[in-house]
Amino acid sequence: MGDGDDSEWREYNIHGENEQVDIFASTEVDYDTLYYTCRDGRLQQANEGASDDDSIVVRSETNWHKSTGMSVCRGSELLCSYLLKHPYVINNKRTLELGCGTGLVGIVIMKHLNPASMLLTDGDLEVLKNMRHNVQENGLKPDENHLACPQLIWGKKSAQKFKDKNGAQDVIMAADCLYIPQSITNLWELVDQVLTNTGVFLYVAGETQCDFDRVVKSGLEFGFVHCPGENWADDSEENKQYPVRLFRRKI
Ligand SMILES: C[S@@+](CC[C@H](N)C(=O)[O-])C[C@H]1O[C@@H](n2cnc3c(N)ncnc32)[C@H](O)[C@@H]1O
């Protein structure tokens, strides 16, 4: 799965190289097991122990053990529902998720949609371990069926290397990943380097995330435009505040 190649990167590194304080400090690791089903084009939480061929099981921490990616954020769940309702977005596409956390989105994609390939990535070492555990628990085997789970830290430096190894991608996704402004440029550098010319970037962000205008402005500097006509929200009030947003390269 690529463990041997991983660098010692932890999410709290983004708060500055000289940052000694661990803002995610917690001493005990306590896991929850979450069950989901994908029916009628929707992701839904299921009862404990739900198990049929369609169900998905995800290990998620009840407290943040030094990374926000150890638990499932709402953005991931909303992104899953969007993709299940719009399967053509993924069908036969080379697909990459950034900051994938527990891996929920990629697992849903692998079990219910039909990507040409799926790259589930995160920068944080502990998050990667948990995500790879979840992938296996759902009966998926990386390196088979065009699935891989490599480490990917955003920014120009890693982007070129990643593209040389994995090729350009048709769809790139990020859910609830931008909560400090210092990360915005790094994320766009990565998307700019790796997305094909006709590709789409899907972005979901709740209200605790970076100011969306700032994300749009930075995207424009890299030649990406927000396409509000292609955004998606379901009927819930929550999701209207929290749509799946779509970006394309400016032609
Ligand atoms: C709030 S979590 C969201 C996880 C998941 N997308 C979800 O919605 O459940 C943000 C994730 O982004 C990752 N991340 C943040 N900055 C990153 C960076 N510069 N490079 C790679 N991963 C990063 C973190 O490790 C974390 O797993």
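Preceding block: the structure.
Quantities reported herein were computed from a predicted structural model and do not represent experimental measurements. (Residues numbered from 1 in each chain as written. Predicted model: local features only at pLDDT ≥ 70, side-chain atom pairs only at ≥ 80, totals over all residues. Heavy atoms only, no water.)

Spatially, E6-E5-E4-E7-E8-E10-E9 is the arrangement adopted by the seven strands of the open sheet, whose pairing is mixed. Both edges of this open sheet fall to strand E6 (147-148) and strand E9 (224-226), since each of them pairs with a single strand only. On top of the sheet, helix H2 (residues 104-112) reaches strand E4 (94-98), strand E5 (117-120), E6 and strand E7 (169-175); it is set at about 165° to E5, its chief contact. (Pairing = 2+ DSSP bridges. Helix = DSSP H or I, 4+ residues; strand = E, 2+ residues; numbered from the N terminus. Contact = heavy atoms within 4.5 Å. Axes fitted to C-alpha atoms, helices over the stretch in contact; angles between N-to-C directions.)

The next subject is the pairing of E5. Across the two faces of E5 the burial is the same, with Ser-117 and Leu-119 and Met-118 and Leu-120 all buried. When E5 meets E6, the two strands line up parallel, connected through two bridges. Within E6, the position partnered with Leu-119 by the bridge is Ala-148. A crossover links E5 with its parallel partner E6, the connecting element being helix H3 (residues 125-137), and its sense is right-handed. (Buried < 20%, exposed > 50% of the residue type's maximum accessible area, 1.4 Å probe, protein only. Right-handed = clockwise from strand over helix to strand, strands pointing away.)

What follows concerns the environment of Gly-155. Along the chain, Gly-155 falls in the loop between E6 and helix H4 (156-166). Along the backbone, Gly-155 and Asp-192 are 37 residues apart, and their C-alpha atoms lie at a distance of 9.9 Å. Apart from the residues lying within four places of it in its own chain, the contact partners of Gly-155 are Asn-186, Glu-189 and Leu-190.

Judged by nonpolar contacts, the single largest core of 42 residues is most densely connected at Leu-79, Tyr-82, Leu-83, Leu-104, Met-173 and Leu-202. For Tyr-82, the residues in contact, after removing those within four places along its chain, are Val-89, Leu-202, Trp-232, Val-244 and Leu-246. Formed by 27 residues, the second largest nonpolar core is a distinct cluster that contains Ile-172, Ala-174, Val-191 and Tyr-203. (Core = buried A, V, L, I, M, F, W, Y, C linked by side-chain atoms within 4.5 Å.)

Around the ligand sit 23 residues in total, of which Cys-73, Ser-76, Gly-99, Asp-122 and Ala-175 are the nearest. One of the backbone nitrogen or oxygen atoms of Gly-99 is found 2.8 Å away from a nitrogen atom of the ligand. Taking Gly-123, its main chain carries an N or O atom lying 3.2 Å from a nitrogen atom of the ligand. Bound to the protein, the ligand loses 98% of the 600 Å² it would expose on its own. Class assignment of the residues belonging to the shell around the ligand gives a composition of 11 nonpolar, eight polar and four charged. (Near = heavy atom within 4 Å. Polar contact = N/O pair within 3.5 Å; in protein donor to acceptor, adjacent residues only side chain to side chain. Areas by Shrake-Rupley, 256 points an atom, 1.4 Å probe, with all protein chains shown as cover. Nonpolar A, V, L, I, M, F, W, Y, C, P; charged D, E, K, R; others polar.)

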